[in-house]
Each structure stands twice: as C-alpha cells, then as structure tokens.
Amino acid sequence: MASAGAFGALWLAAGSHERLATAEHVHRQLQSPQPALTFFSAEQAGDVEAMASRIIPTTDTPGAREAGVVYFMDRALSTWAKAQQSVFTDGLRKLEEDVAKKYPGSSRFSALTEVQQDDVLRSIEEMSFFGTLRFATLAGMFSLPSYGGNRDFVGWTLIGQDRVLDFRPPFSWYDVPANRRALLGEGER
C-alpha cells in the first residue's frame, strides 16, 4: 500500500508540474506579439481557433490555442495550401449559418459555450470541411514551429519528441552521390 501512496504522490506532483508549465506557457504567449493574419479575418480566426481548441483542448497541458495552430492554418492557406482556401471559406460560411439556426441570436462559433461548440462540431464531423480542419489542427500542433504552429514546441513536448533538428540517415543519406551510385547504380552527377 505504501508504494501505491508513493505512486499517487508522484502522479499529483507530475500533474502540478504540467499545470505550472501550461500556466507559464500561456503567460509567455500573452507577452509575445501574435503574427498578422493574412487569410482569415479576425472573426474567422476566432472561430477556427475555437474549433481547433475543441479538437485539441487545453487541459493540464497546452492545446491548439497555445500552439498557435490558427496561425499555422492562416499561413498555410496563404501559401502552400491555397488549393484548400475554398474549403475553409465555404465551410466557415456554412458554419456561421448553422450556428445561427441552431442557436438563434448567435452567429459566431467562438461565442458559444464549450457544450454548444461540441454539439455543433458533432453535427459537421462528416463534412469535408471538418476533416480538413481536423487535419490542419493536427498538422499545426505537431509541425515545425517555423511553419507558424507548434509555438515553443508545445506539440512536440506533448508527445515527447526531442527538439533536435539534426537529421541523420536515412534523411539525406540518399542525396550523397556515392550512396546514390551504390543504391541506384547511378553515374556521377
């Protein structure tokens, strides 16, 4: 029984440490300037951030909001994911209509309670918009911070990924001419 008590004390201590780390991260985030939005309007960004925050909520650990997932999506839709722009603009317009129908007097997803937000998300989870949003949320949570999300590596910390950006074989191993020749029988380049 003593070992169970010791385990419980360790668990409580670990939980306190995670809550403290989350609070410290939020404090740092509030002090640092946010990137400018290039695709979303402020209202759309608020709705997207609220949806992402229901997909990966803030608990004892940072969630999508703290990771800056909305900035990853905004940057992606302005650059490499331009083909997905209509999915988001159409989806957000439909979302606004759905929210207004379901909750008269409201049109912004971000203004709903968490229970209401979950209800709305359940009603759209089969739509391609939700699938795209969910994928973008996960990508923004766990991508390199240089892409706009995973602020302060909170996503990597959450899953235990080291912050090492030293790629070792097989990454780039195939690009070395001698290795390409050995592997593919290619001549000198």
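Not measured: the values here are computed from a predicted model. (Residues numbered from 1 in each chain as written. Predicted model: local features only at pLDDT ≥ 70, side-chain atom pairs only at ≥ 80, totals over all residues. Heavy atoms only, no water.)

**Student:** Looking at this model, I keep getting lost on the overall build of the protein. Mind explaining?
**Tutor:** Secondary structure summary: the protein contains 9 helices and 0 strands in total. Starting at the N terminus and walking to the C terminus, you meet the elements of the protein as α-α-α-α-α-α-α-α-α. Once local pairs closer than 6 in sequence are excluded, the contacts in the protein between residues at least 24 apart make up 61%. Counting only carbon and sulfur atoms, one obtains 58% of the accessible surface of the protein, whose full area is about 11,600 Å². (Helix = DSSP H or I, 4+ residues; strand = E, 2+ residues; numbered from the N terminus. Contact = heavy atoms within 4.5 Å. Areas by Shrake-Rupley, 256 points an atom, 1.4 Å probe, with all protein chains shown as cover.)

**Student:** Looking at this structure, I do not really get the packing of aromatic side chains. What am I missing?
**Tutor:** We describe a pair of aromatic rings using the distance from one ring centre to the other and the angle between the two ring planes. This model, assessed by the stated rule, comprises 6 aromatic pairs. Ring geometry for Phe39 and Phe40: centres 5.3 Å apart, planes at 70 degrees, overall edge-to-face. Among the residues examined, Phe40 registers a relative accessible area of 4% and is labelled buried. Among the aromatic side chains, those forming a connected cluster through ring pairs are Phe39, Phe40, Phe88 and Phe129. (Phe/Tyr/Trp six-rings, centres within 6.5 Å; stacked < 30°, edge-to-face > 60°. Buried < 20%, exposed > 50% of the residue type's maximum accessible area, 1.4 Å probe, protein only.)

**Student:** What should I look at first to understand the pattern of salt bridges in this one?
**Tutor:** One side chain can pair with another of opposite charge once the charged atoms of both are near each other. Within this structure, the stated rule accounts for 8 salt bridges. One salt bridge in this structure joins Lys102 and Asp119, with 3.5 Å as the shortest N-O distance. Of the two residues, Lys102 is situated in helix α5 (residues 85-102) and Asp119 in helix α6 (residues 114-124); the sequence distance between them amounts to 17 residues. One network of salt bridges, with partners in common, ties together Asp47, Glu96 and Arg108. (Salt bridge = Lys/Arg side-chain N within 4 Å of Asp/Glu carboxyl O.)

**Student:** I tried to follow the side chain of Ser53 on my own but got confused; where do I start?
**Tutor:** When you line up the elements, Ser53 lands in helix α2 (residues 42-55). At 2.8 Å, the side chain of Ser53 forms a polar contact with the backbone oxygen of Glu49. The contact partners of Ser53, leaving out residues within four places of it in the chain, are Ala64 and Arg65. (Polar contact = N/O pair within 3.5 Å; in protein donor to acceptor, adjacent residues only side chain to side chain.)

**Student:** What should I look at first to understand the nonpolar core in this one?
**Tutor:** As a rule of thumb, nonpolar side chains are buried together in soluble globular proteins. Counting 31 residues, the largest nonpolar core has Phe40, Val48, Met51, Met73, Phe88, Leu95 and Phe109 as its most contacted members. Elements represented by at least two residues in this core include exactly α2, α3 (64-67), α4 (69-78), α5, α6 and α7 (128-142). Of all the elements, α4 adds the most residues to this core, at 6 residues. Beyond its immediate sequence surroundings of up to four residues, Val48 is in contact with Phe40, Val70, Met73, Leu92 and Leu133. (Core = buried A, V, L, I, M, F, W, Y, C linked by side-chain atoms within 4.5 Å.)

**Student:** In this structure, what is going on with the packing of α5 against α7? I would like to understand it.
**Tutor:** To characterise two packed helices, one gives the angle between the axes of the helices and the distance between these axes. Where α5 meets α7, the closest approach of the two axes is 9 Å, and the angle between their N-to-C directions is 120 degrees. In terms of crossing hand, the pair formed by α5 and α7 is left-handed. Note on element contacts: α7 touches α5 through Ser128, Phe129, Thr132, Leu133 and Ala136, opposite Val87, Phe88, Gly91 and Leu92. A per-class count over the contact of α5 with α7 returns 6 nonpolar, 3 polar and no charged. (Axes fitted to C-alpha atoms, helices over the stretch in contact; angles between N-to-C directions. Left-handed = near helix turned anticlockwise from the far one by under 90°. Nonpolar A, V, L, I, M, F, W, Y, C, P; charged D, E, K, R; others polar.)

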